[in-house]
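# Coordinate inspection notes
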Amino acid sequence: MAELNQQLQAYLAQSKSASGPGPAAPSSSRPTPDAADAGGGTWLGRLSPFFSGRSSSSSPAAGSWPWAAEPDPWLPGLSRWQRLVGSALCLVLAALCFGLAALYAPLLLLRARKFALLWSLGSAFALGAAGFLRGPSRLLREPSRGTVLYLGALAGTLYAALGLRSTLLTALGAAAQLAAIAGCLLALLPGGPAGLRYLGGLLGGFVRRRVSKTLPV
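Analysis parameters
- Residues numbered from 1 in each chain as written.
- Predicted model: local features only at pLDDT ≥ 70, side-chain atom pairs only at ≥ 80, totals over all residues.
- Heavy atoms only, no water.
- Helix = DSSP H or I, 4+ residues; strand = E, 2+ residues; numbered from the N terminus.
- Contact = heavy atoms within 4.5 Å.
- Areas by Shrake-Rupley, 256 points an atom, 1.4 Å probe, with all protein chains shown as cover.
- Buried < 20%, exposed > 50% of the residue type's maximum accessible area, 1.4 Å probe, protein only.
- Expected span 1.5 Å × (residues − 1).
- Polar contact = N/O pair within 3.5 Å; in protein donor to acceptor, adjacent residues only side chain to side chain.
- Axes fitted to C-alpha atoms, helices over the stretch in contact; angles between N-to-C directions.
- Parallel < 35°, antiparallel > 145°, perpendicular 65-115°, else oblique.
- Left-handed = near helix turned anticlockwise from the far one by under 90°.
- Phe/Tyr/Trp six-rings, centres within 6.5 Å; stacked < 30°, edge-to-face > 60°.
- Nonpolar A, V, L, I, M, F, W, Y, C, P; charged D, E, K, R; others polar.

## Looking at the overall build of the chain
- Helix and strand counts for the chain come out as eight helices and zero strands.
- Residue pairs at least 24 apart in sequence account for 57% of intrachain contacts in the chain once pairs closer than 6 positions are excluded.
- Surface exposure of the chain reaches about 15600 Å², of which carbon and sulfur atoms provide 68%.

See the structure below:
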């Protein structure tokens, strides 16, 4: 009887050693709620300044559009929320100025200075809204010739309307603004720069001929 018990114990020990460790439990590939929350916070942080997310290791350029995460050197101490509020305020003022300018459009010949002033103020506020979002230093990092001409015409129009109160100079400044905008739009088209050079050559030749006829040398 003792020999039979020993054989049974040996058989059980042999069966246990032959079976080996049991199968491992399948690992779940589903993300944890904290990880999902952190990922959603990072995604929302790119779109909204109100949600910054829980992850502190995200790169500063993750929320660079339309507002930059890093501060602008021309706007020191302003957070993304403050810049968004400033941009929204500028957009409201720009819409108000453009709406008032549209009311003076039927009386353009009689109220040319007021129309040009309101239109220029609306353009300045719209540029201010873009500056709050993108940052003035980024907008003016590499300005083109058309951008410089437009900004100069805009500043000249505002000075002629507010400082000099000259209707003629204000109208000329508004015309220069429209010409600069048309030139920028034409330069974006295929073959636009070549067309601008051709038109500039024609205009320069016409002016030289008129001057030579008026003042013969």
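## A word on unusual backbone geometry
- Look at Arg165: it is not a glycine, yet its phi comes out positive at around 55 degrees.
- Relative to the elements of secondary structure, Arg165 occurs in the loop between helix H6 (145-164) and helix H7 (167-188).
- Residue classification places Arg165 among the exposed residues on the basis of a relative accessible area of 58%.

## Side note on H7
- Along its 22 residues, H7 runs 32 Å from first to last C-alpha, staying within 8% of the 32 Å computed at 1.5 Å per residue.
- Inspection of H7 places Thr170, Gly173, Ala174, Gln177, Ala180 and Gly183 among the buried residues, and these make up the whole buried set.
- Where H7 begins, the capping side chain belongs to Ser166, and its oxygen is found 3.3 Å from the backbone nitrogen of Leu169.

## Things to note about the packing of helix H4 (residues 112-134) against H7
- Close contact between H4 and H7 brings their axes to 9 Å; oriented N to C, the two are set at 45 degrees. The pairing of H4 with H7 is recorded here as oblique in orientation. The two elements H4 and H7 cross, and the hand of that crossing is left-handed. On H7, the residues touching Ala112, Arg113, Ala116, Trp119, Ser120 and Ser123 of H4 are Thr167, Thr170, Ala174 and Gln177.

## Points about the packing of aromatic side chains
- In total, this model carries two aromatic pairs according to the counting rule given.
- Ring plane angle 25 degrees and centroid distance 6.2 Å describe the contact between Phe115 and Trp119, whose orientation is recorded as stacked. Of this pair, Phe115 and Trp119 both sit in helix H4, four residues apart, which is roughly one turn of the helix.
- By relative accessible area, Trp119 is classed as partly exposed at 34%.
- Here the aromatic residues Phe98, Phe115 and Trp119 are joined through ring pairs into a cluster of three or more.

## Some remarks on the packing of H6 against H7
- Packing of H6 against H7 leaves a shortest axis separation of 8 Å and a crossing angle of 165 degrees. Put simply, H6 runs roughly antiparallel to H7. Considering only the axes of H6 and H7, their crossing is left-handed. Touching Gly146, Thr147, Leu149, Tyr150, Ala153, Leu154, Thr157, Ala160, Ala161 and Leu164 of H6 are Leu169, Thr170, Gly173, Ala174, Ala176, Gln177, Ala180, Ile181 and Cys184, all from H7.
- Its residues assigned to classes, the contact of H6 with H7 shows 13 nonpolar, six polar and no charged.

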